[in-house]
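The residues making up each chain are set out below.
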Amino acid sequence: MSSEAKGPRQLDLMSPFGDISRRWRRSFQVCLTLLSVFLLYLVTTSQMSSPGETVVGVVVMPQNAVEGDHRVRQEEERVVVVETKEGLLVPEAEEDPTIPDVDNTEVTVPDGPLIDGTLCPGMLKEVDVAPQGSMALVALASFPRSGNTWTRLLLQVASKISTGSVYWETEQKYNFNKLTFKAGTEDFKHRTGVCVKTHYYSEDHIDMFPDGAILLLRNPYFSLVSEFFRELVFDGNRTKEETAKAILQEPRWRTGYFPNQSGFWYNTNLNWIKYCKRLLIVFYEDLERNPLHELTRMLTFLKQPVDIDRLRCALQLYPPDLNHKYLTFDPYTPDQREHLDKYIAEVNEVLVSRNGRQLPKYRYHYQ
């Protein structure tokens, strides 16, 4: 028997038993991690679901592609899929609660003696570009053929400040624009215009106007026809008579133009109403019927002084065009009316939810 004292037996970590110990610890750590993830999942889903509902999972859903500003914009949105007694339910994304009501400020049109009309051309010459960086960045947004250009002309004379445009690179190519819309021929981000024309409507574009927007909203039954005539008459070199026949005889109006442009009208108005944080709605029909009042509303919103003489001169120089009916027949089929009326109803619902006035009763009157 050896005389050396024997101490407690040491586990040789290099032996097979040591290797087993390391593997056991590693397996235990993996199990512990998986258990933690599972418990976290249970806590999260219990908070997402309501009593009587089972959370099936979380999916990433692409938003509908939106066309209209010559781009297709898609964003991904994480949505919780919930199983109820009625089946699967994918809730809509919540609207931003920070967006206030549309502007409903009451205004009073100033009074005063009628101005000498011979002074109006001089007021037109006074319109100029504001110093760079001095103006708020406010959009003048609309679907095409909703009175945007006419409103720009009126506001320029009324405010004595030129209007800008997001299409400034195109406008600077035309002599008319160079003479008439001086601020519209330079980068609108320079803030030299009293407002900025745009037909774009993506959320990113709306966010580019931190000081708000004036949204011109016109009866789509008329604006769609008017834009169709603009495309074929002014851009396509057709006569008005040929364009009227094209609506009846060519498939372009029914199969391509109407679905695309009605969606353009819908998305333009819906997005500006939903996402613009400071918004003034101007109905085109009100601007035609009572231009002094609507111009006063716009100037007040733009924080510009209201001068009754300049308002009257603006209307003398650029009076409403009340004779803008292109057709002697109704171009809309029953299916198209149902389609467009649905869009109108949805836009109206969102507008009322922001405490805006209801849309007028939109129909097509051709007689």
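Quick look at the structure, then.

Analysis parameters
Residues numbered from 1 in each chain as written. Predicted model: local features only at pLDDT ≥ 70, side-chain atom pairs only at ≥ 80, totals over all residues. Heavy atoms only, no water. Pairing = 2+ DSSP bridges. Helix = DSSP H or I, 4+ residues; strand = E, 2+ residues; numbered from the N terminus. Contact = heavy atoms within 4.5 Å. Axes fitted to C-alpha atoms, helices over the stretch in contact; angles between N-to-C directions. Disulfide = S-S within 2.5 Å. Buried < 20%, exposed > 50% of the residue type's maximum accessible area, 1.4 Å probe, protein only. Phe/Tyr/Trp six-rings, centres within 6.5 Å; stacked < 30°, edge-to-face > 60°. Lys NZ or Arg CZ within 6 Å of the ring centre and 35° of its normal. 1 Å grid on protein atoms, 1.4 Å probe; cavity = no way out; pocket = protein on both sides within 12 Å on 5 of 7 lines; lining within 4 Å. Points joined across faces, edges and corners; volume = space filled by probe spheres on them. Nonpolar A, V, L, I, M, F, W, Y, C, P; charged D, E, K, R; others polar. Parallel < 35°, antiparallel > 145°, perpendicular 65-115°, else oblique. Left-handed = near helix turned anticlockwise from the far one by under 90°.

1. Some remarks on the sheet that holds strand β5 (residues 164-165)
Thought 1: Spatially, five strands are ordered β5-β6-β4-β7-β8 in an open sheet, and the strand pairing comes out parallel. Two strands bound the open sheet, and with one partner strand each, they are β5 and β8 (279-283).
Thought 2: Here two bridges tie β5 to strand β6 (residues 196-198), and the two strands are oriented parallel to one another. Bridged to G164 within β6 is V196.
Thought 3: In the packing of helix α9 (residues 252-275) onto the sheet, the strands contacted are β4 (139-142), β6, β7 (213-217) and β8, and the crossing angle to β7 comes to about 145 degrees.

2. Some remarks on the state of the cysteines
Thought 1: As enumerated under the stated definition, the model contains one disulfide in all.
Thought 2: There is a disulfide in this structure between C120 and C313, and the S-S distance comes to 2.0 Å. Taking the sign of the S-S torsion, about -80 degrees here, the bridge from C120 to C313 comes out left-handed. Here C120 is found in helix α2 (residues 120-125), whereas its partner C313 is found in helix α12 (residues 308-317), with 193 residues between them in sequence.
Thought 3: The class for C120 is buried, based on a relative accessible area of 0%.
Thought 4: Exposure remark for C313: the relative accessible area of 0% places this residue in the buried category.

3. Remarks on the pairing of β7
Thought 1: Among the five residues of β7, five are classified as buried, and the element is accordingly described as predominantly covered.
Thought 2: Burial along β7 is two-sided: the face carrying A213, L215 and L217 and the face carrying I214 and L216 are both buried.
Thought 3: As defined by bridge partners, β4 adjoins β7 across four bridges and the pair is classed as parallel. What sits directly across from S142, in β7, is L216.
Thought 4: Direction of pairing for β7 relative to β8: parallel, over a ladder of five bridges.

4. With respect to the packing of aromatic side chains
Thought 1: Considering all chains together, one arrives at 18 aromatic pairs under this definition.
Thought 2: A ring pair is formed by F143 and F264, whose centres lie 5.1 Å apart and whose planes are at 80 degrees; its orientation type is edge-to-face. You can see F143 sitting in the loop between β4 and α3 (148-159) and its partner F264 sitting in helix α9, a full 121 residues away along the chain. Like F143, the residue F264 is buried in the burial classification.
Thought 3: Taking 4.4 Å as the distance between ring centres and 20 degrees as the angle between the ring planes, the aromatic pair formed by Y266 and Y343 counts as stacked. Of this pair, Y266 sits in helix α9 while Y343 is found in helix α13 (residues 334-353), placing the two residues 77 residues apart along the sequence.
Thought 4: Relative accessible area serves as the criterion here: at 15%, Y266 is assigned to the buried category.
Thought 5: Members of the aromatic cluster, connected to one another through ring pairs, are Y221, F222, F228, W253, Y257, F258, Y332 and Y364.
Thought 6: A cation over an aromatic ring shows up here: R152 above the ring of F181, its NZ or CZ 3.8 Å from the ring centre.
Thought 7: Above the ring of F301, the side-chain terminus of R278 is found at 3.8 Å from the ring centroid.

5. Examining empty space enclosed by the protein
Thought 1: Enumeration according to the criterion identifies one cavity of 30 Å³ or more in this entry.
Thought 2: Its boundaries defined by the atoms lining it, the largest cavity holds a volume of some 40 Å³.
Thought 3: Taken together, A136, L137, G164, A183, F188, R191, T192, G193 and V196 make up the lining of the largest cavity.
Thought 4: In terms of residue class, the lining of the largest cavity is built from five nonpolar, three polar and one charged.

6. What about the packing of helix α7 (residues 220-235) against α9?
Thought 1: For the pair α7 and α9, the least separation of the axes is 11 Å and the interaxial angle reads 120 degrees. As summarised for this structure, α7 and α9 are arranged oblique, according to the angle between their axes. As for how α7 packs across α9, the hand of that crossing is right-handed. Between α7 and α9, the contacting residues are P220, S223, L224, V225, E227, F228, E231 and L232 on the first element and R252, W253, Y257, F258, Q261, S262 and W265 on the second.

7. Overview of unusual backbone geometry
Thought 1: One non-glycine residue, R191, lies in positive phi territory at about 60 degrees.
Thought 2: Tracing the chain through its elements places R191 in the loop between α5 (175-180) and β6.
Thought 3: Notably, N237 is not glycine yet its phi reads approximately 60 degrees, a positive angle.
Thought 4: Among the secondary structure elements, N237 is positioned in the loop between α7 and α8 (240-249).
Thought 5: Residue N237 is classed as exposed on the basis of its relative accessible area, which comes to 68%.

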